[in-house]
Amino acid sequence: MNVAVVGAGAVGVTAAHDLAAAGASVTLYDRDEPGSGSSGRAAGVLYDAYAEDVDAELGARSMERFREFSGTGGFEFHECPYVFLAREGDDEVADAIPRSAARMRAHGRPVDAVAPDELAERFPALRTDDVAAAAVAGNAGWTDPASYVGMMTDRATGAGVELRANEPVAVDPDGPGIEAEDGACTDYDAVLVATGAHTKRVLADADVDVPVKPYRVQALTSSVAYDGPMCYDATAGVYFRPHPTGLLGGDGTVPVESDPAEWDRDADGWFLEDLGDALRTRAGYDQEVERAWAGLCTATPDGDPLLGELREDLYVAAGWQGHGFMRAPATGEEIAAQVLGDSDGVPAFDPGRFSGGEEFEIREGMAVERDGS
Ligand SMILES: Cc1cc2nc3c(=O)[nH]c(=O)nc-3n(C[C@H](O)[C@H](O)[C@H](O)COP(=O)(O)OP(=O)(O)OC[C@H]3O[C@@H](n4cnc5c(N)ncnc54)[C@H](O)[C@@H]3O)c2cc1C
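A.B. asks: Before we go on, may I ask you to explain the overall build of the protein in this structure?
C.D. replies: In terms of regular secondary structure, the protein is built from 8 helices and 20 strands. Taking 373 residues into account, the globule formula puts the C-alpha radius of gyration at 21 Å, and the protein, at 20 Å, falls close to it. Contacts in the protein between residues at least 24 apart in sequence constitute 74% of all its contacts with a sequence separation of at least 6. Total accessible area on the protein is roughly 14,800 Å²; 44% of this is exposed by carbon and sulfur atoms. One way to put it: in the protein the 28 positive side-chain charges average out to a point 4 Å from where the 69 negative ones average out.

Given below as structure tokens:
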């Protein structure tokens, strides 16, 4: 079977590798270099703490694969618990946290609601006097996302994938196949589009309309040492984790549709200030910004990705709502299995649930489900 994978981010390289490892002949195209899209800008926060069964399963499978690959090809998975919490006064989220934790546990995920005094005892680096509710996810860690893409690209080419970097391509509307910039078409048995923020445009050229909107999120690294857990302060809307230079923190969601070809790659002043305030409150931490940046995430109308067949032999894997990197080892594996005919897909993520013309607002990806459902 001849397969074209368009997009060499974390999802595309994983799918390309798994397809080739299963015996397919794979060509992997990227308009730039592997990892040059959102995957190279991600924060690398990894966990399986999801309240929905499908998400929990994919999250768990990803963690398994991250551990399996750790220590190879320059990729390291660093074990680190993930704390999520709400502040006093934020009743809606504070009420939702123990309910969400119970649902995660019901799916076999090791997530425990903890009282603020226990949190203080377990994690002295965190300040807990204003915490109303918290939970700790034990199956979690962090990594440098670019190193995952590098490791997986090497594995993919080692498994026989032909990497065509710096080759922007379009999907042949008469496909299955792809069209190069000079108009030359190449036929394939199947085409997988994993082009992140560019997905709507790439598919529009093939006359397929998908409801995927790019939006900016932001992150920074700071050079002051931090040796606490990973933490998401849901009330402040920020997360942070240990980083080789000290700390990495982020969120800074701008819930406005961005142009994937032209967007502001620099972090906003308000984000640096807000994160600085939250770090001081939450961890008594005074940030010294080393590097700050923005990147694009992708939203869908229901917050779930589009993972599956769009029309005969044309597949899509996109729309991760800020959780695309940590699930890439499993979503890449799943879409590879679908292309090979070895999986019927994930019904909740079937792209056929949308017509493409849906109007919707961009919702922040990391928010704790406020209704706790
Ligand atoms: C600041 C920030 C922090 C984040 N933190 C996290 C986190 O902690 N955990 C997490 O799970 N997620 C995080 N994310 C989200 C994560 O980055 C994405 O969900 C994930 O990287 C998406 O991977 P992808 O492979 O689908 O897309 P991408 O990595 O964007 O890859 C798409 C690729 O397609 C290529 N491409 C586009 N158009 C074409 C074309 N026409 N022809 C050929 N190639 C093309 C691009 O060059 C790109 O390399 C974060 C994102 C940002 C911006």
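Now that the structure is up, let's keep going.
A.B. asks: Explanation requested: the side chain of S343 in the structure shown.
C.D. replies: Here S343 lies in the segment after α8 (324–339). Under the relative-accessibility criterion, S343 is labelled buried at 19%. Among the polar contacts made by the side chain of S343, one reaches the side chain of E334 at a distance of 2.8 Å. Within the structure, S343 has its side chain in polar contact with the backbone nitrogen of G345 (distance 2.9 Å). Residues contacting S343, with those up to four places away along its chain left out, are E334, A337 and Q338.

A.B. asks: I'm lost on the pattern of salt bridges in this one. Help?
C.D. replies: Side chains carrying opposite charge are able to pair once their charged atoms draw close together. Counting across every chain of the model gives 22 salt bridges. E167 is paired through a salt bridge with R164; the nearest N and O atoms lie 2.8 Å apart. The partner of R282 in a salt bridge is D233, with the nearest N and O atoms 3.1 Å apart. Of this pair, R282 sits in helix α7 (residues 269–283) while D233 sits in strand β15 (residues 230–233), and the two are 49 residues apart along the sequence. By relative accessible area, R282 is classed as buried at 0%. For D233, a relative accessible area of 0% gives the class buried.

A.B. asks: Would you mind going over the site of the ligand with me for this structure?
C.D. replies: The environment of the ligand is made up of 39 residues, and the closest members are D30, R31, S39, V169 and M326. Notes on the ligand: free accessible area 1,000 Å², of which the protein chains cover 96%. Elements represented by at least two residues in the shell around the ligand include exactly α1 (10–21), β14 (213–222), β18 (289–299) and α8. In the shell around the ligand, the residues fall into 21 nonpolar, 14 polar and 4 charged.

A.B. asks: It is not clear to me how the packing of helix α2 (residues 53–69) against α8 should be interpreted in this structure. Could you clarify?
C.D. replies: Working note: a packed helix pair is described by the angle between its axes plus the distance between those axes. As a packed pair, α2 and α8 sit with axes 7 Å apart at the nearest point and diverge in direction by 95°. Classified by the interaxial angle, the pair formed by α2 and α8 is roughly perpendicular. Between α2 and α8, the residues in contact are D55, L58, R61, S62, R65 and F66 and F325, M326, R327, A328, P329, A330, T331 and E333, respectively.

A.B. asks: Looking at this model, I keep getting lost on the domain arrangement of the protein. Mind explaining?
C.D. replies: Interfaces are often sized by the accessible area lost when the parts come together. Partitioning the protein into domains gives domain 1 (2–44 + 144–211 + 301–353) and domain 2 (79–141 + 213–299). The distance between the C-alpha centroids of domain 1 and domain 2 comes to 29 Å. The interface is formed by 13 residues belonging to domain 1 together with 19 residues belonging to domain 2. Note on domain 1 versus domain 2: buried area summed over both sides is about 1,300 Å², and carbon and sulfur give 48% of it. Contact with domain 2 buries area across many residues of domain 1, yet R41, A43 and A197 alone supply 42% of it, more than any other trio. Applying the counting rule to domain 1 against domain 2 returns 1 salt bridge. Among the ionic pairs, D259 bridges to R201, the shortest N-O distance being 3.1 Å. The interface formed by domain 1 and domain 2 includes 8 residue pairs in polar contact (both at pLDDT 80 or more). For the side of domain 1 that touches domain 2, the residue count by class is 4 nonpolar, 7 polar and 2 charged.

A.B. asks: How should the sheet that holds strand β4 (residues 78–79) be read in this particular structure?
C.D. replies: Sheet strands associate in pairs through backbone hydrogen bonding, adopting either a parallel or an antiparallel arrangement. Judged by pairing direction, the sheet is antiparallel, and its 3 strands sit side by side in the order β3-β8-β4 without closing on themselves. Two strands bound the open sheet, and with one partner strand each, they are β3 (45–47) and β4. Here 2 bridges tie β4 to strand β8 (residues 140–142), and the two strands are oriented antiparallel to one another. Paired with E79 across the bridge in β8 is G141.

A.B. asks: Teacher, can you tell me more about the packing of aromatic side chains here?
C.D. replies: For any pair of aromatic rings, geometry is given as the distance between the ring centres together with the angle between the planes. Tallying each qualifying case throughout the model produces 14 aromatic pairs. Ring geometry for Y47 and Y50: centres 5.8 Å apart, planes at 40°, overall tilted. Of the two residues examined, Y47 and Y50, each falls in the buried class. Here a set of aromatic residues connected by ring pairs shows up, and it is made of F66, F69, F75, F77, Y148 and F325. The positively charged end of K213 is found above the aromatic ring belonging to F360, 4.3 Å away from the centroid. Its guanidinium or amino end placed over the ring of W263, R265 lies 4.1 Å from that ring's centre, counting from NZ or CZ.

About the cut-offs
Residues numbered from 1 in each chain as written. Predicted model: local features only at pLDDT ≥ 70, side-chain atom pairs only at ≥ 80, totals over all residues. Heavy atoms only, no water. Helix = DSSP H or I, 4+ residues; strand = E, 2+ residues; numbered from the N terminus. Rg over C-alpha atoms; globule rule 2.2 N^0.38 Å. Contact = heavy atoms within 4.5 Å. Areas by Shrake-Rupley, 256 points an atom, 1.4 Å probe, with all protein chains shown as cover. Lys, Arg positive; Asp, Glu negative; His and termini not counted. Charge placed at Lys NZ, Arg CZ, Asp CG, Glu CD. Buried < 20%, exposed > 50% of the residue type's maximum accessible area, 1.4 Å probe, protein only. Polar contact = N/O pair within 3.5 Å; in protein donor to acceptor, adjacent residues only side chain to side chain. Salt bridge = Lys/Arg side-chain N within 4 Å of Asp/Glu carboxyl O. Near = heavy atom within 4 Å. Nonpolar A, V, L, I, M, F, W, Y, C, P; charged D, E, K, R; others polar. Axes fitted to C-alpha atoms, helices over the stretch in contact; angles between N-to-C directions. Parallel < 35°, antiparallel > 145°, perpendicular 65-115°, else oblique. Domains from an automatic or database assignment. Buried area = accessible area lost by both parts, 1.4 Å probe. Pairing = 2+ DSSP bridges. Phe/Tyr/Trp six-rings, centres within 6.5 Å; stacked < 30°, edge-to-face > 60°. Lys NZ or Arg CZ within 6 Å of the ring centre and 35° of its normal.

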